[in-house]
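# Descriptive structure summary
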Amino acid sequence: MKWEGQRESDNVEDDRGAGGGRGGGGLPIGGRGLGLGGIVIALLVSWAFGINPMTVLGLMEGGGGVLSPAEQRERPTGRTTGDKPQDAAGRFATVVLADTEDVWSAYFARAQKPYEMPRLVLYDGRHATACGTGEAAMGPFYCPGDRKVYLDLSFNNTLSQRLGAPGDFAQAYVIAHEVGHHIQNLLGTSAKMEAARGRVSEREYKALSVRLELQADCLAGVWAYHSQKGKGWLEQGDIEEALNAASQIGDDTLQRQAGRAVVPESFTHGSSAQRVAWFKRGLEAGEMKLCDTFRSGSV
């Protein structure tokens, strides 16, 4: 991926080593005693770059995944240093974010709608967010409460070594997927999901969660289509890296890695085949209208 020399986004908060937002103990979303085993299972299942892996913990505990406005105001959400990352991994993330800004701003403009850009927070360890305390072990996530993508760059090693998905475009797919959740937030899809939480059963909510995640995969594919069309910066093997990443973080694959039986009813993000198929749908057509997983009879 020919990313060197490309524009870097200004919408980045590099909080690595800042210590901001690391205070407080316990589990995300209140931590009502899942125990380490329960946390590991939840994180393995939700390691697939969801809107917020803390949502899965909330489902297992019967709790919500987003703090009240009052709680959001009480929690620090990190500091803005004003300095762009100087290391290669940080700069790569800012370049990918910048390209999502270019692609989605142009896409929304064609529909005569404004595009509100998300911010990317780089952190290490843990970080306070409007959705609770983010942990590095959860992997990247998007918080609709503050409209920020949170990323601990050590996840790149996890993605490559533990999940078997190496490559820079695999990392770009991670960020594009989270930005896809931001698009869902702007369009009101995230709010509808949160409203459904109290109206449907846990099983039904997980089924909706699968559709939400697959739609974000499709939107990541839409970005990749327009990104390559505009920049031509992808190299041989890049697309395969993203497709492999989508496959490696399917719920069925993660459950097997955790030594568990594959239970489709427990899926929250979709199978490997589903994730690959929806990413490819967006990648091949570049049309957001083809990403409506909620109206698709079968995903």
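Every value quoted in this text rests on a predicted model; they were computed, and no experiment measured them.

What counts and what doesn't
Residues numbered from 1 in each chain as written. Predicted model: local features only at pLDDT ≥ 70, side-chain atom pairs only at ≥ 80, totals over all residues. Heavy atoms only, no water. Helix = DSSP H or I, 4+ residues; strand = E, 2+ residues; numbered from the N terminus. Buried < 20%, exposed > 50% of the residue type's maximum accessible area, 1.4 Å probe, protein only. Contact = heavy atoms within 4.5 Å. Areas by Shrake-Rupley, 256 points an atom, 1.4 Å probe, with all protein chains shown as cover. Disulfide = S-S within 2.5 Å. Pairing = 2+ DSSP bridges. Axes fitted to C-alpha atoms, helices over the stretch in contact; angles between N-to-C directions.

## Overview of the overall build of the protein
Within the protein one finds eleven helices and six strands. Looking at the protein residue by residue over its 299 residues, the buried ones come to 54%. Across the protein, contacts joining residues at least 24 apart in sequence account for 79% of those joining residues at least 6 apart. Total accessible area on the protein is roughly 12300 Å²; 50% of this is exposed by carbon and sulfur atoms.

## Side note on the environment of Phe 92
Position of Phe 92 relative to the elements: it lies in helix α4 (residues 88-110). Residue Phe 92 is classed as buried on the basis of its relative accessible area, which comes to 5%. Taking the C-alpha atoms as reference points, Phe 92 and Gln 171, separated by 79 residues in sequence, lie 9.2 Å from one another.

## Here's the deal with the environment of Arg 162
Checked against the element boundaries, Arg 162 lands in helix α5 (residues 155-162). In the structure, Arg 162 is positioned 95 residues away from Gln 257 in sequence and 9.6 Å away in space, judged by C-alpha atoms.

## Observations regarding the state of the cysteines
Summed over all chains, the structure comprises two disulfides. In this model Cys 131 forms its disulfide with Cys 143; the gap between the sulfur atoms is 2.1 Å. Disulfide Cys 131 to Cys 143: torsion about the S-S bond roughly 90°, handedness right-handed. Here Cys 143 lies in strand β5 (residues 141-143) and Cys 131 lies in the loop between β3 (126-129) and β4 (132-135), a separation of twelve residues in the sequence. The residues Cys 131 and Cys 143 share a single accessibility class, namely buried.

## Description of the sheet that holds strand β6 (residues 148-151)
With mixed pairing, the four strands of this open sheet are ordered in space as β1-β2-β6-β5. Taken across any chain shown, the strands that pair with only one partner, and hence form the sheet edges, are β1 (12-14) and β5. Sheet twist, expressed as the mean angle between neighbouring strand axes with direction ignored, is 25°. Across four bridges, the pairing between strand β2 (residues 119-122) and β6 is parallel. In the sheet register, Arg 119 faces β6, and the bridge partner there is Lys 148. Sitting on the sheet, helix α6 (residues 168-186) is in contact with β5 and β6, with an inclination near 25° to β5.

## Description of the pairing of β3
Of the two faces of β3, the one carrying Arg 126 and Ala 128 and the one carrying His 127 and Thr 129 are both buried. With four bridges joining them, β3 and β4 adopt antiparallel strand pairing. From the neighbouring strand, Arg 126 faces β4, where its bridge partner is Glu 135. Between the antiparallel neighbours β3 and β4 lie two residues.

Read these as layout, nothing more, since geometry by itself doesn't imply function.
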